[in-house]
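This is what each chain is made of:
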Amino acid sequence: MGADLGLYEWMCHLAERGICLIKNVPLEDQTVARITERIAPIQHTIYGEVFDVISQPQPINAAYSPVSLALHMDQVMYENAPGLQLLHCIRFDPDVVGGENTFADVFELAHELREERPDYFNTLARVPVTMSTVHYSRDYPVHMTCERPIFGLDGRGELMTINYHPMMAEINTLEEDIEAFFEAYKYFYRMVHSCESVYSIRMESGDLISFNNRRVLHGRAAFSSQKGMRWLQGAYVELSEFQSRLQVFHNTLGDGRPVTRLVVIAAATAVVVVVVVIIVVVEVVVVVVVVVVVVVVVVVIVVVVVVVAVEK
Ligand SMILES: [Fe+2]
């Protein structure tokens, strides 16, 4: 029950702010899987269930190299891109220079664009872009393509989804749309990459950052990989699974309020909330308490037996 309350508190922060930092998470390999599964089953992608963000000699993805990564969403080539991403910092040696993680609320920026330049917004909501990952030199060859506008609207014109990955987008559309698209795209790109409200953090071993991949863009500064090690481990959760779990918690532990669609919230710039409640640690504490009680009981029994024997 106590662990569920901690989990519920964390999920409420995530739903409201889009991003949340947990400190002092145990450093064991696969901890991120155990924590993710407290919410819902892990969303499998072409990178597996749990993925290691670590500099590799021959990376299959820029994320697995030490280069900088511009603000982006993950897995935009999927029809249903992951909703929640968890990144657990297992190791970040002091010798590593750079490697700070960056985050920005793209829904807020999209709403700003709509107010400032509705013509640009409408162009980006109309002209499709192609997001693709093509990689045959792997055990499980991949050729995945998804074409849709950067901004997805519902029947009432409300912003529903954003698909933004500047390193993956290609345009393959009518000639008359190309100039208008690039003008609008350049404007929005500058908004995103000159955004003052970018949150930057050098993660520490034991940090776990969770964020809404469909609302909060993330990036990374380049880092030196000659000395020291930077090792993050990540996993995804499907957005509907997260919303379902949160609704169950609202109904069983909270006030029963309905869950708001998580991607349309843009009331405030994403703010990282440091949550002190450590869900995993709660389990550890319970185990430790049980062990201590058992040891005390055994010691008391032994002492009583010895005293009785001596008195005889
Ligand atoms: Fe990423």
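Residues numbered from 1 in each chain as written. Predicted model: local features only at pLDDT ≥ 70, side-chain atom pairs only at ≥ 80, totals over all residues. Heavy atoms only, no water.

(A) Focus on the overall build of the protein chain. Secondary structure assignment for the protein chain yields seven helices and 15 strands. For the protein chain, buried positions account for 47% of its 312 residues. If you take every contact in the protein chain between residues at least 6 apart in sequence, the share linking residues at least 24 apart comes to 82%. When the accessible surface of the protein chain is summed, it comes to about 15,400 Å², and 58% of that surface belongs to carbon and sulfur atoms. (Helix = DSSP H or I, 4+ residues; strand = E, 2+ residues; numbered from the N terminus. Buried < 20%, exposed > 50% of the residue type's maximum accessible area, 1.4 Å probe, protein only. Contact = heavy atoms within 4.5 Å. Areas by Shrake-Rupley, 256 points an atom, 1.4 Å probe, with all protein chains shown as cover.)

(B) Seen up close, the nonpolar core. Among the nonpolar cores identified, the biggest contains 55 residues, and Leu113, Leu124, Ile150, Phe151, Ile162, Phe188 and Ile209 are the most heavily contacted of them. In terms of residues, this core owes the most to one element, helix H5 (residues 175-193), which gives six residues. Residues contacting isoleucine 162, with those up to four places away along its chain left out, are Met73, Val106, Phe107, Ala110, Ile150 and Phe151. Listed in part, the 24 residues of the second largest apolar core include Leu14, Ala33, Ile35 and Ile39. (Core = buried A, V, L, I, M, F, W, Y, C linked by side-chain atoms within 4.5 Å.)

(C) Spotlight on the packing of aromatic side chains. Within the structure shown, the criterion is met by 11 aromatic pairs. Ring centres of phenylalanine 103 and phenylalanine 211 lie 5.2 Å apart, and the angle between their planes is 65°; on these two criteria the pair is classed as edge-to-face. Of this pair, phenylalanine 103 sits in strand E5 (residues 101-105) while phenylalanine 211 sits in strand E12 (residues 208-212), and the two are 108 residues apart along the sequence. Judged by relative accessible area, phenylalanine 103 falls into the buried class, the value being 2%. Between phenylalanine 121 and phenylalanine 151, the aromatic rings sit 4.7 Å apart at their centres with planes inclined by 20°, giving stacked as the arrangement. Placement of the pair is phenylalanine 121 in helix H4 (residues 118-126) and phenylalanine 151 in strand E8 (residues 151-153), with a sequence separation of 30 residues. Residue classification places phenylalanine 121 among the buried positions, given a relative accessible area of 1%. (Phe/Tyr/Trp six-rings, centres within 6.5 Å; stacked < 30°, edge-to-face > 60°.)

(D) Examining the sheet that holds E5 more closely. With respect to topology, four strands assemble into an open sheet ordered E3-E13-E5-E11, the strand pairing being antiparallel. Because the sheet does not close on itself, it has two edges, and the strands there are strand E3 (69-72) and strand E11 (199-201). Here the strands of the sheet are splayed against their neighbours by 15° on average, with no regard to which way each runs. Where E3 and strand E13 (residues 216-220) come together, two bridges link them in antiparallel fashion. Counterpart to histidine 72 in the pairing with E13 is histidine 218. The sheet contacts of helix H3 (residues 106-116) involve E5 and E13, and relative to E5 the element is tilted by about 45°. (Pairing = 2+ DSSP bridges. Axes fitted to C-alpha atoms, helices over the stretch in contact; angles between N-to-C directions.)

Keep in mind these values describe shape, not function.
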